[in-house]
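Read off the chains here:
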Amino acid sequence: MTLNALNANVPEGPIEKKWDTRRFEMKLVNPANKRKYKVIVVGSGLAGGSAAASMAELGYDVDCFCYQDSPRRAHSIAAQGGINAAKNYQNDGDSVWRLFYDTVKGGDYRAREANVYRLAQISVNIIDQCVAQGVPFAREYGGTLANRSFGGAQVSRTFYARGQTGQQLLLGAYQSLERQIGAGKVKMHPRTEMLDLVVVDGRARGIITRDLVTGKIEAHAADAVVLGTGGYGNVFYLSTNAKGCNTTAIWRAHKRGAHFANPCFTQIHPTCIPVAGDYQSKLTLMSESLRNDGRIWVPLKAGDTRKASDIPEGERDYYLERRYPAFGNLVPRDVASRAAKLACDEGRGVGPGGRGVYLDFAESIGRLGEAMIRERYGNLFDMYERITGENPYQVPMRIYPAIHYTMGGLWVDYDLMSTIPGMFVIGEANFSDHGANRLGASALMQGLADGYFILPYTIGNYLAQSKGPKIDASHAAFKDAVKGVTATTDKLLASKGKRTVDSFHRELGLLMWEACGMARNEAGLTAALEKIPQIRAEFWKDVILPSGGAEMNQELEKAGRVADFLELGELMCFDALQRNESCGGHFREEHVETEGANKGEAKRDDDNYCYAAAWEYKGPDERQALHKEPLTFDNVHLTQRDYK
Amino acid sequence: MSATVAGTGSRFYETAIGKKIVMAVTGVILVGFVFVHMTGNLQVLQGADKINHYAKLLRTSMPLLWTARLVLIASVVLHVRAALQLYALKAAARPVAYAKKAHRGATLASRTMIWSGYTLAIFIVLHILHFTTGTIHTDFVEGDVFHNVTTAFKNPLIAAGYVVMMGFLFMHISHGIFSLTQSLGLSHPRYSAAAKTVARVLAVIIAVGFAAVPVAVFAVIAK
Amino acid sequence: MTRTFSLTLHVWRQKSAKQAGQFAKYIAANVSEHMSFLEMLDVVNQDLLAKGEDPIAFDHDCREGICGSCGFMVNGDAHGGHRGTTICQLHMRHFKDGEELWLEPWRSAAFPIVKDLAVDRGAFDRIIASGGFVSVPTGSAVDGNAIPVPKTEADLAMDAAACIGCGACVAMCPNSAAQLFTAAKVGHLGLLPQGQPERDRRVLAMVGQMTAEGFGHCTSTGECEAVCPKEIPIAFIARMNRDYLEASVKERPQANRGGSG
């Protein structure tokens, strides 16, 4: 294990001036020359889609790849709540500084200050851009944009389009992208998966892909590669991510030399619909806004199997209101999630399997009337009923936490470039802006900030300075990479064992959820670190796949992704084990306040762990090397969070 | 199917929407015609003088009559031409049929427009040969509409045939009137919901008005 | 008590667009009423894999009704025919023991079959690429509140913008028409002030592309709106037709030139 400090390449000067400084320092590519540069963008979500469109507008020759059948389907589309921006349209005292402060604090002081400040600065441009694209944000009667408040903030700065904000923002980016595709400036490759990164002379020069319809493995050369491939929450098998979400692009880039930062920082969302059976394929999120009017409770006694309506008030435990009288049901996501787990661990969980807590609207319905509740949450109640078959106007909802977002990702510097020159990482795929916990309505903001307003500048700075030789896909490095990918694919296709890909994925997911989920401890992590290599070995020995290599083969797609999850899971556990503190979504049971009002709450260790942990791949079955990027907080003072 | 983006619009009539607009405009003319035709016909019920006088009135100016006829013929031709082209498009757009196909909301009338259309087209030809030229009328008297109508509808088969045809007319225009409001973009957030009802009521008035003549003639004979 | 039951499935199996397809019969045993339709197919697929057979291919991703990936016909109904529901959101409690279900892909010349129940909906992307956007390069936007948008217009635009591009409208339409999809985007952008400069150009281009892709015509049957998972009404089709008529009347020879992409 080596201990090298990473240089984030942050500009000098006061934090308000850093981005201006960098933009002025940057070398520019002559407009007439831009078309001579080919840029590959992998992923077409908010980050990738907006980046591909913006770079094509600038004149670069862009190739964009996505595994879905259309760039419009990336999982950004599922974000419900909204997007933050420091517009201060509500005149309630919001500012760039306040958004910056809230995000750093919400991230539990494990994010890079300079990046977060820039994010807050750019947030205002994003709203303008999206409005101009025709994103139908909610409006007031006077025609101005409406805002609502969201967790972790005391101002109303969240812009929204009903409960489909992610969809509308993505469609805005998608339409801009399609405009460039129609104009011939972007070549789109749908149903195409990146399976390797090609590095020549230390620089990223292309990717290897598989056409998911024909099975053809192809090499694509470029002057720079951008990964906007999203998060890796599906390592847990069950998550709120789309089924196709995967780590393959970033993991294979990691194996080619890109450091992976803070892999153990994952976010659990407290209000998801509980698992109904072992066939369950994914979890559905219910907007956090439900906690504004719903009261969370479990029976006071363990093993109480009575119907909710048969349990009298006196035998109910409204545990969040009891433990956190100041914030009550509105404590942050991580706190609410852990409290639910604790209640279920005590045997007080409700519903089949006992992994659920009640979210009860009876009191609100009594106070406000059913009509008011219907107006506020009607679509969510309908969704709940569609899935569970239960009417939440009559019986309390059952909820349970689920994996929702991954703050960790490939390490990038201030310019969003990874440790491989020429490879940039944007959106959820990188690690930079949310620290150990992401606040609601910040993911959309970050994806679009990276794609529309940061990467298009910083990539120009790189391209203007990197006058590498012209390389095409006939270069030996590409041929070798194609050979490697083909060999792995053939090996999987030839595997005729007894267990399906899903069964391995489920096994890994369950293990990860137990050992590296809402709460982690040394014993569990150590055990998982022993178990994961065993599952991995068994996977390569006993997995069964259908043979079709030259056709659509969804099992093969899954197998490649699960193979990568089986490696990533190990790194996550190792990262969680080395971080001997509790911060944000990373809760180590050994590291809690032992006395005082906050007894039992997460305890950060700023003296020893105020850094981003970036892991360097050292080869198969080798222990990865740790590099640290020290985090300094010159503008926001380190304090312990308190929600009592 | 095209793998590329054309990038520009195409000529009006080349698109399905252009053809539908042509169908809608000609549909308006034809529905307007049948409505006037129906109100004229009702004068049969008022006796020979009334209807024969009306028929004579229509023929006061041959240029005017032929202008109207040409507009109608052109409308029918354009209407049928667009219908046939669109029907061919439909077949090309789904070359492989579903093994099972359910219907959600589509009325029988809306699904059988082409068939009610074919039927009406044949009917119109026969009808013109029957009452306009008298070619297939067994006892045709030029200019005596009342006589022509009453003698024809004495035959129960002919009377019943006309009533059945009015059933097809009802089907065709009950959906057609609603559909033309769609094709011409006459939608309105508040009144669109009523468009289907208005179309159906109008269709009933026209069909019943027409059917009243053979029924009444036959009923009087039967007494 | 959780109800479990079994179903007979007749599933369209087709290796690729080039090869012929046919129905294959499978028994889905131990179906739980709490499963989603796709989870039921997952279980069928696990059994097929165990037997060394090729699992049934179908598109899916978010499994919460928003990405628009999934969709096929169940007994002739797009997405199974429940109001405002995609097939991934359809739960098995709506089915009875012993029911026979026919699963077919969207059938349209414009949607070639990729494999089994998965089709290629690239035609939709090309319709958007032809004009379904506002040409506003990154960085050229005015302040978000500079142009007020009446709430009613914004809400109506959102009704149309909710389209997930799943293709159910085309699949259900007796004429395989893409009017509802195209009209949703024409309506969404046409209702907003930001969409006005390109309003005529957009509708002409999108309708032209829709025609070139080989979709059928609209006979106002209302089948599309009945199965649209986002319940987009056909009033938007009327709106598009009006826009198209107006734009065609106004069209000048230069109208389609300029405005580089």
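Calculation rules
Residues numbered from 1 in each chain as written. Chains lettered and ligands numbered in written order. Predicted model: local features only at pLDDT ≥ 70, side-chain atom pairs only at ≥ 80, totals over all residues. Heavy atoms only, no water. Phe/Tyr/Trp six-rings, centres within 6.5 Å; stacked < 30°, edge-to-face > 60°. Helix = DSSP H or I, 4+ residues; strand = E, 2+ residues; numbered from the N terminus. Buried < 20%, exposed > 50% of the residue type's maximum accessible area, 1.4 Å probe, protein only. Salt bridge = Lys/Arg side-chain N within 4 Å of Asp/Glu carboxyl O. Expected span 1.5 Å × (residues − 1). Contact = heavy atoms within 4.5 Å. Buried area = accessible area lost by both parts, 1.4 Å probe. Pairing = 2+ DSSP bridges. Axes fitted to C-alpha atoms, helices over the stretch in contact; angles between N-to-C directions. Core = buried A, V, L, I, M, F, W, Y, C linked by side-chain atoms within 4.5 Å. Left-handed = near helix turned anticlockwise from the far one by under 90°. Nonpolar A, V, L, I, M, F, W, Y, C, P; charged D, E, K, R; others polar.

1. A short note on the packing of aromatic side chains
Given two aromatic rings, one states the distance between the centres and the angle between the planes to describe the pair. Residue and element names in this part refer to chain A. Per the stated rule, a full pass over the model turns up 40 aromatic pairs over all chains. When the centroid spacing of 5.7 Å and the interplanar angle of 65 degrees are considered together, the rings of tryptophan 97 and tyrosine 117 count as edge-to-face. Within this pair, whereas tryptophan 97 is found in helix α3 (residues 96-106), its partner tyrosine 117 is found in helix α4 (residues 113-133), the two being separated by 20 residues in sequence. For tryptophan 97, a relative accessible area of 33% corresponds to the partly exposed category. Residue classification places tyrosine 117 among the buried residues on the basis of a relative accessible area of 7%. Summarising the aromatic geometry, the rings of phenylalanine 504 and phenylalanine 539 are spaced 5.4 Å apart at their centres and angled 85 degrees between planes, so their arrangement reads as edge-to-face. With phenylalanine 504 in helix α13 (residues 501-516) and phenylalanine 539 in helix α14 (residues 522-542), this pair connects stretches of sequence that are 35 residues apart. For the pair phenylalanine 504 and phenylalanine 539, one class covers both residues: buried.

2. Considering the pattern of salt bridges
Scanning all chains against the criterion turns up 71 salt bridges over all chains. A salt bridge links Arg162(A) to Asp159(C); the shortest N-O distance between them is 2.9 Å. Of the two residues, Arg162(A) is situated in the loop between β5 (158-159) and α5 (165-182) and Asp159(C) in helix α3 (residues 151-161); the pairing between them involves two chains. Accessibility expressed as a relative area gives 36% for Arg162(A), which makes it partly exposed. A residue is classified by how much of its surface remains accessible, and Asp159(C), at 30% relative accessible area, is partly exposed. The salt bridge partner of Asp77(C) is Arg104(B), with a shortest N-O separation of 2.7 Å. Taken together, the residues span two chains, with Asp77(C) in strand β4 (residues 77-78) and Arg104(B) in the loop between α3 (62-93) and α4 (108-111). Given a relative accessible area of 5%, Asp77(C) falls into the buried group. Judged by its relative accessible area of 32%, Arg104(B) is partly exposed. Within this structure, Asp108(A), Arg110(A), Arg579(A), Glu581(A), Arg604(A) and Asp606(A) form a network of salt bridges that share partners.

3. Observations regarding helix α10 (residues 370-388) of chain A
Residue and element names in this part refer to chain A. Here α10 contains 19 residues, and its C-alpha end-to-end distance of 20 Å is more than 12% below the 27 Å for a straight helix at 1.5 Å per residue. All buried positions along α10 are accounted for by Ile373, Tyr377, Gly378, Leu380, Phe381, Met383, Tyr384 and Thr388. For α10, the elements touching its buried residues are α9 (362-368) and β16 (397-406). Residue glycine 389 follows α10 closely and has a positive phi angle near 80 degrees.

4. A closer look at the interface of chain A and chain C
With 72 residues of chain A in contact, the opposing surface of chain C contributes 75 residues. Regarding the contact of chain A and chain C, the summed buried area is about 6,000 Å², with carbon and sulfur atoms giving 51% of it. Scanning the region where chain A abuts chain C turns up seven salt bridges. Residue Lys282(A) is joined to Glu64(C) by a salt bridge in which the shortest nitrogen-to-oxygen separation is 2.6 Å.

5. Quick word on the sheet that holds strand β14 (residues 316-317) of chain A
All names here are of chain A. With respect to topology, five strands assemble into an open sheet ordered β12-β16-β15-β13-β14, the strand pairing being antiparallel. Of all strands in the sheet, those with a lone pairing partner are β12 (266-272) and β14, marking the two edges. Bridge analysis of strand β15 (residues 357-360) against β16 gives three bridges, and the strand direction is antiparallel. Along β16, the bridge assignment pairs valine 357 with isoleucine 399. Running over the sheet, helix α8 (residues 333-345) touches β12, β13 (295-299), β15 and β16 and is turned about 65 degrees from β12.

6. Brief notes about the nonpolar core
One finds Met423(A), Phe37(C) and Met40(C) to be the most contacted residues of the largest nonpolar core, which totals 298 residues. Ignoring sequence-local partners within four residues, the contact set of Met423(A) consists of Leu197(A), Ala204(A), Val225(A), Leu227(A), Ala253(A), Ala258(A), Leu410(A), Leu416(A), Met417(A) and Ser418(A).

7. Quick look at the packing of helix α12 (residues 476-494) of chain A against helix α15 (residues 554-578) of chain A
Residues and elements named next belong to chain A. Look at α12 against α15: their axes get within 10 Å of each other, and the N-to-C directions meet at 115 degrees. α12 and α15 meet at a crossing whose hand is right-handed. On α15, the residues that touch Thr489, Leu492 and Leu493 of α12 are Leu556, Ala559 and Gly560. Looking at the contact of α12 with α15 residue by residue, the classes come out as four nonpolar, two polar and no charged.

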